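# Residue-level structural notes
Here are the chains, one letter per residue:
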Amino acid sequence: MYKGKYLRKFNISPKRYKELCGFCEQYPEWKEEIKNYSFNKGISYSAEPKSKTNNKSNPTEEAALRLSERISNCELIEKVAKEADPEFWVAIIKSACYEVSVTYLISYDNLSLSKSAFYNRRRYFFRLSFL
């Protein structure tokens with residue numbers, strides 16, 4: 001089914017919807033990266049002299065910044081999902097981030113919403129993400 005008319009209700013263009021889906025679909029990777037993160041990456045030393053134009057940053061600092069960004073992105077998704085629906089936010093994350101079908105959520109996760117009611121909450125989640 002074409003989502004366009006439903007997305008227009010929330011002022012989301014199809015291109016923006018794809019962008020938001022792509023962002024959310026990285027959530028599982030970020031959660032896994034956060035879980036397995038280690039700052040013990042080591043520092044590599046080189047015999048080559050470092051020029052002023054070849055400034056290499058600290059690997060530990062880079063790792064900390066990357067981890068901070070991953071945590072921030074995950075927290076943002078979770079915050080917006082909770083704002084979209086405090087009761088069904090986990091189902092919204094499963095659907096938007098893990099691409100779990102609504103049929104599966106209704107059948108196996110005992111989601112007590114109709115498909116259309118759930119999709120409205122999911123679209124509202126994307127609308128809040130868009131703001």
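About the criteria used
Residues numbered from 1 in each chain as written. Predicted model: local features only at pLDDT ≥ 70, side-chain atom pairs only at ≥ 80, totals over all residues. Heavy atoms only, no water. Phe/Tyr/Trp six-rings, centres within 6.5 Å; stacked < 30°, edge-to-face > 60°. Helix = DSSP H or I, 4+ residues; strand = E, 2+ residues; numbered from the N terminus. Buried < 20%, exposed > 50% of the residue type's maximum accessible area, 1.4 Å probe, protein only. Salt bridge = Lys/Arg side-chain N within 4 Å of Asp/Glu carboxyl O. Lys, Arg positive; Asp, Glu negative; His and termini not counted. Contact = heavy atoms within 4.5 Å. Core = buried A, V, L, I, M, F, W, Y, C linked by side-chain atoms within 4.5 Å. pLDDT = per-residue confidence, 0-100. Axes fitted to C-alpha atoms, helices over the stretch in contact; angles between N-to-C directions. Parallel < 35°, antiparallel > 145°, perpendicular 65-115°, else oblique. Nonpolar A, V, L, I, M, F, W, Y, C, P; charged D, E, K, R; others polar.

### Concerning the packing of aromatic side chains
Overall, the coordinates contain 7 aromatic pairs when judged by the stated rule. Seen from their ring centres, Phe 10 and Tyr 124 are 6.5 Å apart, and the 50° between their planes marks the pair as tilted. With Phe 10 in the loop between helix 1 (4–9) and helix 2 (14–24) and Tyr 124 in helix 7 (residues 115–130), this residue pair connects regions lying 114 residues apart in the sequence. Tyr 124 sits in the partly exposed class, given a relative accessible area of 33%. Here Tyr 17 and Phe 126 contribute two aromatic rings whose centre-to-centre distance is 5.2 Å and whose plane-to-plane angle is 75°, an arrangement assigned as edge-to-face. Pair noted here: Tyr 17 is in helix 2 and Phe 126 is in helix 7, with a separation of 109 residues, a long-range link. The buried category is assigned to Tyr 17, whose relative accessible area is 10%. Taking relative accessible area as the criterion, Phe 126 reaches 1% and is therefore assigned buried.

### Overview of the pattern of salt bridges
Overall, the coordinates contain 8 salt bridges when judged by the stated rule. Put simply, Glu 33 and Arg 66 hold a salt bridge, and the shortest N to O gap is 2.6 Å. Separated by 33 residues along the polypeptide, Glu 33 in helix 3 (residues 27–35) and Arg 66 in helix 4 (residues 59–84) bring together distant segments of the chain. Given a relative accessible area of 39%, Arg 66 falls into the partly exposed group. Two residues, Arg 70 and Glu 69, come together in a salt bridge whose shortest N-O distance is 3.4 Å. By relative accessible area, Arg 70 is classed as buried at 11%. Among the residues examined, Glu 69 registers a relative accessible area of 42% and is labelled partly exposed. The structure contains a network of salt bridges with shared partners spanning Glu 33, Arg 66, Glu 69 and Arg 70.

### Regarding the side chain of Arg 123
With respect to the helices, strands and loops of the structure, Arg 123 is situated in helix 7. Asp 85 provides the closest opposite charge to the buried, unpaired Arg 123, separated from it by 13 Å. When neighbours within four sequence positions are excluded, Arg 123 is seen to be in contact with Tyr 6, Leu 7, Phe 10, Ile 12 and Ser 116.

### Some remarks on the nonpolar core
Nonpolar side chains tend toward joint burial in soluble globular proteins. One finds Ile 77, Leu 111, Phe 118, Phe 125 and Phe 126 to be the most contacted residues of the largest nonpolar core, which totals 28 residues. Elements with a contribution of two residues or more to this core: helix 2, helix 3, helix 4, helix 5 (89–98), helix 6 (102–108) and helix 7. Apart from residues no more than four positions distant in its own chain, Phe 125 is found in contact with Cys 24, Ile 77, Val 80, Ala 81, Ala 84, Ile 92 and Ala 96.

### A look at the confidence of the model for the protein
Residues at a pLDDT of 70 or more form 83% of the protein, whose mean pLDDT is 86. Within the protein, helix 1 has the poorest average pLDDT of any element, 77, and helix 5 the best, 97.

### Some details on the packing of helix 2 against helix 7
Direction vectors running N to C along helix 2 and helix 7 enclose 95°, while the axes themselves pass 11 Å from each other. Here helix 2 lies roughly perpendicular to helix 7, going by the angle between them. Contacts from Arg 16, Tyr 17, Leu 20, Cys 21 and Cys 24 of helix 2 reach helix 7 at Arg 122, Phe 125, Phe 126, Ser 129 and Phe 130. Considered class by class, the residues forming the contact of helix 2 with helix 7 number 7 nonpolar, 1 polar and 2 charged.

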